[in-house]
Each structure stands twice: as C-alpha cells, then as structure tokens.
Amino acid sequence: MRVYIQTDLEGVAGVRNFAEWTGPDTRYYDVARGLLTQEINAAIDGLYEGGASYVMVADSHGPGAVDILQLDPRTELMRWDWRQPWPHRLQEGFDYLIFVGQHAKSRTPLSNMTHTGNTGVLERSVNGVAIGEFGQLALCASELGIRTIFGSGELAFTEEASALVPGIETVSVKRGLREGRGDGCTREQYRERNPGAVHTHPVRARELIRAGALKAMQRAQSEPFGLIPLRPPFRMVTVLRATAENPQRTYTVQEHATSLIAAMNERGAPKPVESDEQLNDLLCEPFEPGL
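Just so it is clear, the structure is predicted and the values come from calculations on it, not from any experiment.

Asker: Which residues make up the nonpolar core, and what values do they have?
Answerer: Core analysis: the largest hydrophobic core is formed by 39 residues, its most contacted members being Leu47, Ile98 and Ile149. Looking at this core, the elements that each hand over two or more residues are strand E1 (2-7), helix H1 (18-21), helix H2 (29-49), strand E2 (54-59), strand E4 (96-102), strand E7 (147-154), strand E8 (169-176) and helix H6 (202-220). Here this core takes ten residues from H2, the largest share from any one element. Setting aside residues up to four positions removed in sequence, Leu47 forms contacts with Val3, Ile5, Ala52, Val55, Ile98, Ala213 and Met217. Among the nonpolar cores identified, the runner-up in size contains 34 residues, and Trp80, Ile131, Leu137 and Ile261 belong to it.

Structure follows, in structure tokens:
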C-alpha cells in the first residue's frame, strides 16, 4: 500500500504566526521545520505499523519546510515544481492520501494563519463549495480513485476535512482564537489577522498523529471511506483580495465538462469584481459534504 503525504507548515503544533515562523528569513523558521518534520515522522511510523509498503512526503509549503536530515529514512521526499500541473504526481500509483501540518481554508473563523494558497486569495470554490489547499488535492485524489484517509493540523482544518471527505480520520493539534472571516481585509492585513492559537504540546501532538495515522490505515483496509462524491461539470471560482497597490478585487473562473483536474489546470482570465452584490454572489456559505 503506497501512501502520499501532503505537508504544510501553518497547521503544525507550536508554529505560531507568519511573521516569525514560516519563511526562511524569519526568527524561528528552523524550529518550525523541525516541528513539522517530527510530526511527519510520527505519521510515517503509524502508517508503516498499519501496513504501508511505501511512503512519499510532498513538501508543499511555499518556500519548503521539511528537514530531510531529520526525516524518517524509510520515506522519500518530493518537492514538486509549482509550474507543474495538478495533481502533483499523485497519479503515480498511490492508494491513499494523507495530510500533516494542514491549516484551514481562507475565511474560516477560529483558525490560526488561515489562508488558501496565499493570503491574497479571498475564497476558492468548486461547484459552489468553498475549498482550501486540502480540498484541492483531496478532490484530485477522488477523481483518481485515491482515498484521502487522514489529516492532522489545526481544529478548524479537521472540521473542514470531516465535512468534505466522508469518514476521514483527523487529529487536531491546535485551535485558533480569532472570530470572524476577515472579508474586508487586504492581502497584507489578512496575513497579520490570525496569529492567536492554543497549541498542544509537540510531544503529545506527535503521539496523537501517530495513533491517528495508524488507525486510518487500519480502518482503510476494512472500511470504504475517503472518496468525495464528484458531480460534473466542474466550475472553479477564485476571488482575490485587494492589495495595498491594487484596491480592486478580481476573480477567475476555470471550467471543464468532465474533469476537475483539467479545470484546475485551465488558466482563467482575471475579471474585476464590480459590486458588493456581485461579490456576495461569488462567495459561498458553509457547505455540505460532496460536490
């Protein structure tokens, strides 16, 4: 059984804010990389105990974050080129997809460092369902018949994952504290908006992640969970926030009659959001499972 681990940094226990923790020029970046890598190692240990035959780690944090010198030697590390099309090599014979260190999608209340891709994205949706970085790859996996069985990260992410993927096993390692969606924020303001969280101790977080990954592997071999119901045709809408330089919100639309992966790889031409009424029509309310 081959497992693909999608990793990110902002959902890791102990990683606190953008300004000091998530970029190569920040004060605690090396500490954050170590915290992430140890959470990955905990998941790897549970996966192998549960019967995995091969595990690959995909480092999807913007500037990269996995410390290969600390990484479990039973795995391989992939850093894909951002210019490559979706689904980022997930199609190469994997049985299961899991997530470690994942944060919630943009506009999520009570989320620490919440965003979708970057803080310039106000919302991304597919067929009227708001999704984040988790949703994009989990949807690709479902189109390929690959089951998404586990995810760890902040509490708001685990709630998002459970709503989108029927039966997924999740582990929460921190919870955000800021109420509200921050819809009026510019890209720069939103980056500074959500630094507060209550964190599980990293040692305890790793114990929970290991146990969760093991349980997910064991369940996956006897329970048919982890596929998102897909209903073509597909329409993906991305609404961008204003920036300090450009106060005009814009949006793009990507469509395909039969394949969500193909829609994600389309290039949509940016269009201006011309009124608050149009913005309200573009944005989504809390969603139900499936598309």
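Asker: Lay out the state of the cysteines in plain terms, naming residues and giving numbers.
Answerer: Simply put, the disulfide is a covalent bond whose two ends are the sulfur atoms of two cysteines. Applying the stated criterion to the full structure yields zero disulfides. Free cysteine Cys185: the closest other cysteine sulfur is in Cys284, separated by 19 Å. Here Cys284 falls in the buried class, since its relative accessible area comes to 7%.

Asker: Give a description of the side chain of Asp8 that names residues and reports values.
Answerer: Counting through the fold element by element, Asp8 comes out in the loop between E1 and H1. There is no salt bridge for the buried Asp8, and the closest opposite charge comes from Arg79, which lies 7.9 Å off by N-O distance. Engagement of the side chain of Asp8 in a polar contact is seen with the side chain of His61, the distance being 3.2 Å.

Asker: Got a sec to walk through the sheet that holds strand E11 (residues 250-256)? Specific residues and values, please.
Answerer: Taken together, five strands build an open sheet; the order of strands is E6-E5-E10-E11-E12 and the sheet is antiparallel. Whereas interior strands pair on both sides, the edge strands pair on one side only; in this sheet they are strand E6 (129-131) and strand E12 (271-272). For strand E10 (residues 234-240) and E11, the ladder comprises seven bridges, and the chain directions are antiparallel. Paired with Thr238 across the strands is Thr252, a residue of E11. Across the sheet, helix H3 (residues 133-144) lies against strand E5 (121-126), E6 and E10, angled at about 110° from E6, the strand it touches most.

Asker: Help me get a handle on the environment of His115, residues and values and all.
Answerer: Residue placement: His115 occurs in the loop between E4 and E5. For His115 and Ala104, which are eleven residues apart along the polypeptide, the C-alpha to C-alpha distance reads 6.8 Å. Once residues lying within four places of it in the same chain are set aside, the contact partners of His115 are Glu10, Phe18, His103, Ala104, Lys105, Ser106 and Glu133. Within the local environment of His115, its side chain forms a polar contact with the side chain of His103, the two groups lying 3.2 Å apart.

Asker: Report on unusual backbone geometry, specifying residues and quantitative values.
Answerer: Along the chain, Trp86 connects to Pro87 via a cis peptide bond; the corresponding omega equals 15°. Along the polypeptide, Pro87 turns up in the loop between strand E3 (76-78) and E4. Following Pro232, the chain continues to Pro233 via a peptide bond in cis, the omega torsion being 0°. Position of Pro233 relative to the elements: it lies in the loop between H6 and E10. Here the phi dihedral of His88 falls at roughly 55°; this positive angle occurs in a residue that is not glycine. Structurally, the position occupied by His88 is in the loop between E3 and E4.

Asker: Explain the packing of H2 against H6 to me, using residue names and the numbers behind them.
Answerer: Interhelical geometry of H2 versus H6 gives an angle of 30° and a closest axis separation of 7 Å. In terms of their interaxial angle, H2 and H6 are classed as roughly parallel. As for how H2 packs across H6, the hand of that crossing is right-handed. Only Pro202, Ala205, Arg206, Ile209, Arg210, Ala213, Leu214 and Met217 of H6 make contact with H2, whose side of the interface consists of Leu35, Gln38, Glu39, Ala42, Ala43, Asp45, Gly46, Leu47 and Glu49. Split by residue class, the contact of H2 with H6 holds ten nonpolar, two polar and five charged.

Calculation notes
Residue numbers restart at each chain and count upward from 1, following the sequence in its written direction. In keeping with the predicted nature of the model, local features appear solely for residues at pLDDT of at least 70, side-chain atom pairs appear and are counted solely at 80 or more, and the whole-chain, interface and lining totals rest on all residues. Side-chain calculation: all heavy atoms of the structure are included, whereas hydrogens and water are not. Definition of nonpolar core: a set of buried residues of the types Ala, Val, Leu, Ile, Met, Phe, Trp, Tyr and Cys, connected through side-chain atoms within 4.5 Å. We call a residue buried when its accessible area falls under 20% of the maximum for its residue type, exposed when it is over 50%, and partly exposed in between, using a 1.4 Å probe and counting protein chains only. Secondary structure elements are defined from DSSP: runs of H or I of at least 4 residues count as helices, runs of E of at least 2 residues count as strands, and each element is numbered from the N terminus. Residues count as neighbours in contact if any of their non-hydrogen atoms are within 4.5 Å of one another. Throughout, a disulfide means two cysteine sulfur atoms within 2.5 Å of one another. We score Asp and Glu as negative and Lys and Arg as positive, and we do not count His or the chain ends. Here, a salt bridge means any Lys or Arg side-chain nitrogen found within 4 Å of an Asp or Glu carboxyl oxygen. Here a polar contact means two N or O atoms within 3.5 Å. Within protein one must be a hydrogen donor candidate and the other an acceptor candidate, and residues neighboring in sequence count only if both atoms are side-chain atoms. Whether two strands pair comes down to DSSP finding at least two bridges between them. What counts as an axis is a line fitted to C-alpha atoms, over the stretch in contact for a helix, and the angles between N-to-C directions run from 0 to 180 degrees. In what follows, roughly perpendicular refers to angles from 65 to 115 degrees, roughly parallel to angles under 35, roughly antiparallel to angles over 145, and oblique to any angle outside these ranges. Less than a right angle of anticlockwise turn of the near helix away from the far helix marks a crossing as left-handed, whereas a clockwise turn marks it as right-handed. Charged residues are taken to be Asp, Glu, Lys and Arg, nonpolar residues to be Ala, Val, Leu, Ile, Met, Phe, Trp, Tyr, Cys and Pro, and polar residues to be all remaining types, Gly included.

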